[in-house]
Amino acid sequence: MLKQVTKQLALQGVRTFSVGQQNNYKVTVCGAAGGIGQPLSLLLKQNPLVTDLALYDIVHTPGVAADLSHIDTKSKTAGFIGADQLGDSLKGSDVVVIPAGVPRKPGMTRDDLFNVNAGIIKDISNSIAKNCPKALVAIITNPVNTCVPIAAEILKKAGVYDPKRLFGVSTLDVVRARAFIGHALGVDPQTVQIPVIGGHSGVTILPVLSQSQPLFKGNQDTIEKLTVRIQEAGTEVVKAKAGAGSATLSMAYAGARFAGSLLKGLNGEKDVIECSYVQSTVTEATFFSTPLVLGKNGVQENLGLPKLNDYEKKLLEAAIPELKKNIQKGIDFANA
Ligand code: NAD
Ligand code: LMR
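Residues numbered from 1 in each chain as written. Chains lettered and ligands numbered in written order. Predicted model: local features only at pLDDT ≥ 70, side-chain atom pairs only at ≥ 80, totals over all residues. Heavy atoms only, no water.

As annotated in an unreviewed UniProt entry, the chain carries the name Malate dehydrogenase, mitochondrial and is attributed to Drosophila yakuba. Of the comments in the UniProt record for the chain, the one headed Catalytic activity (unreviewed entry) reads "(S)-malate + NAD(+) = oxaloacetate + NADH + H(+)". Of the chain, the UniProt comment under Sequence similarities (unreviewed entry) reads exactly: "Belongs to the LDH/MDH superfamily. MDH type 1 family." (UniProt positions renumbered as here; feature names shortened; annotations may be inferred.)

1. Focus: unusual backbone geometry
At the junction of N142 and P143, the peptide bond is cis and its omega measures out at -5° in the coordinates. Phi is positive for H60, which is not a glycine, with a value near 65°. You can see H60 is positioned in the loop between strand 2 (50-57) and helix 3 (61-69). Classification of H60 as exposed rests on a relative accessible area of 56%. Unlike most non-glycine residues, A242 shows phi in positive territory, near 50°. In this structure, A242 sits in the loop between helix 9 (233-241) and helix 10 (249-266). (Helix = DSSP H or I, 4+ residues; strand = E, 2+ residues; numbered from the N terminus. Buried < 20%, exposed > 50% of the residue type's maximum accessible area, 1.4 Å probe, protein only.)

2. Focus on helix 8 (residues 220-231)
The end-to-end C-alpha distance of helix 8 is 16 Å, a good match for the 16 Å that 12 residues give at a rise of 1.5 Å each. Among all positions in helix 8, only I223, L226, T227, I230 and Q231 are buried. Along the long axis of helix 8, the arc covered by the buried residues comes to 140°, so they all point the same way. Packing partners of the buried residues in helix 8 comprise helix 7 (171-185), strand 8 (205-207), helix 9 and helix 11 (310-335). (Expected span 1.5 Å × (residues − 1). Arc of directions from axis to C-beta. Contact = heavy atoms within 4.5 Å.)

3. As for the pattern of salt bridges
Under the criterion given, the structure shown has nine salt bridges. D162 serves as the salt-bridge partner of R165, at 2.9 Å between the closest nitrogen and oxygen. For R165, a relative accessible area of 12% puts it in the buried group. Classification of D162 as partly exposed rests on a relative accessible area of 25%. (Salt bridge = Lys/Arg side-chain N within 4 Å of Asp/Glu carboxyl O.)

4. What about the site of ligand 2?
In the neighbourhood of ligand 2, the contacting residues comprise R104, R110, N142, L172, R176, H200, G234, S246 and A247. Between an oxygen atom of ligand 2 and a side-chain N or O atom of R110, the distance comes to 2.8 Å. At 2.7 Å, a side-chain N or O of R176 approaches an oxygen atom of ligand 2. In the complex, 95% of the free accessible area of ligand 2, which totals 260 Å², lies under the protein chains. Three or more residues apiece are contributed to the shell around ligand 2 by two domains, here domain 1 (25-169) and domain 2 (170-335). (Near = heavy atom within 4 Å. Polar contact = N/O pair within 3.5 Å; in protein donor to acceptor, adjacent residues only side chain to side chain. Areas by Shrake-Rupley, 256 points an atom, 1.4 Å probe, with all protein chains shown as cover. Domains from an automatic or database assignment.)

5. Re the side chain of S212
In this structure, S212 sits in the loop between strand 8 and helix 8. Within the structure, the side chain of S212 is placed 3.2 Å from the backbone nitrogen of F216, a separation counted as a polar contact. Setting aside its immediate chain neighbours within four residues, S212 contacts I181, Q193 and I194.

6. A word on the packing of aromatic side chains
Tallied over the entire structure, the rule returns three aromatic pairs. Ring centres of F167 and F258 lie 5.6 Å apart, and the angle between their planes is 65°; this geometry places the pair in the edge-to-face category. Of this pair, F167 sits in strand 6 (residues 166-168) while F258 sits in helix 10, placing them 91 residues apart in sequence. Per residue, the accessibility class of F167 equals that of F258, and both read buried. Arranged with centres 6.0 Å apart and planes meeting at 35°, the rings of Y277 and F287 form a pair that is tilted. Taken together, the residues span a long stretch of sequence, with Y277 in strand 9 (residues 272-279) and F287 in strand 10 (residues 287-295) at a distance of 10 residues. (Phe/Tyr/Trp six-rings, centres within 6.5 Å; stacked < 30°, edge-to-face > 60°.)

Structural data, given as C-alpha cells:
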C-alpha cells in the first residue's frame, strides 16, 4: 500500500523522503542583491531542500525577494534590508552563505579588498553568533584566506565557534579545474574529479592535477600552464570584465553547489564530499582546503592531503607561507 502511494506521488512529481530526513532548511544569503547574490539566490530558490530563503543586503533586497517569490518552488522568500534587519534574516538559519562585499577591479589583488570586506565579515559574524550560532557558515567574500580566520576569531570571542561549521568557499577553483580539464581532454567536465587544495588566491590555489580523473596527461610545460591558468582564472575574469567586477555567474553556480552539498550533508545524505577552506591540522597553515566529508554537523571527516607529486609538493611549499600570512592578518584584525 505504502509503495503504491509513494509511486503515485512520484508520478505526480512529488518527492518522498525516508524517516530521519528533515528536508526543510532555512538558508540566508548575506549580500543577496549583488552580482553573485542574485543568481545564487535564484539557484537556491530551486533547491528542494530549502523551505525558507532569507535575502539580506544593505540595498535592493525587497525587490529581489519579491521577484524570486513568484517562482513556483516551495521555498518562501523574504527580503531583509539594512543592518537593523540582519538579525531577523539570520534567526533560525541552518546555512548562511556570504557573498557580501566589494569585488576586484583590474590591477587589484584579493588582499586589496581586505580594508572594506574585513569589517563586513566581522559585523555579519557577530550577528551570526547572536542569532544562529549553530548554522553552517560559507564565506565567499574575498580575501577568503583572511575572511574565514576573521569569522573564526569573532565566533570564538562570542563563545560559539565550532570549526566544523565554518567554511571558506573555494568550490569555484574546483569548478574551473573541471571545466578546463574536461574541455582539454574532450570529456564531459561533469565527469572530471579533481581536488584543489590550499587557499583561494594566486599561489595558494593548488590544483592536484596528478590526481585528476580522468588523468590529465601532458608534459611538464602543459601541466604548469594549466596549473597557472587555474590559479589565475579569477584574474582572467576580472580583466575580461574590465572594471565591471569579478566572476559572478560561475561563482553563483559554485556557491549553489557548495551550499547544496552542505544541505545534503545536514539532511543525512552519505558520501557528500567537497573541497573547502576550513580550520585544519593537515599542514602548518591553520586554515587549509582539502577534500571533506560533509555531514549533519558540517565537517564529518577531513580526508587530508591527496597524494602529491614532486611538482605539487613545491607548489605546497610556496603556498604555506602566503597562507600563514593571510591567516595571521585575519586573526590580528579580529583581535585589534
Ligand atoms: P557585488 O558588489 O556585485 O555585490 C556585493 C553585494 O554585497 C552588494 O549587493 C552590496 O550591497 C552587498 N554588501 C555590501 N556591504 C554589505 C554589508 N555590510 N552587508 C550585506 N551586504 C553588503 O560583488 P560580487 O561580485 O557579488 O562579489 C562579492 C564578493 O565575493 C567579493 O568580495 C568578491 O571578491 C567575492 N568573490 C569570491 C569568489 C570565491 O571564489 N570565493 C568568487 C567571486 C567573487
Ligand atoms: C575568483 O576567483 O573569481 C574570485 O576570487 C574573484 C576574484 O577577485 O578573482
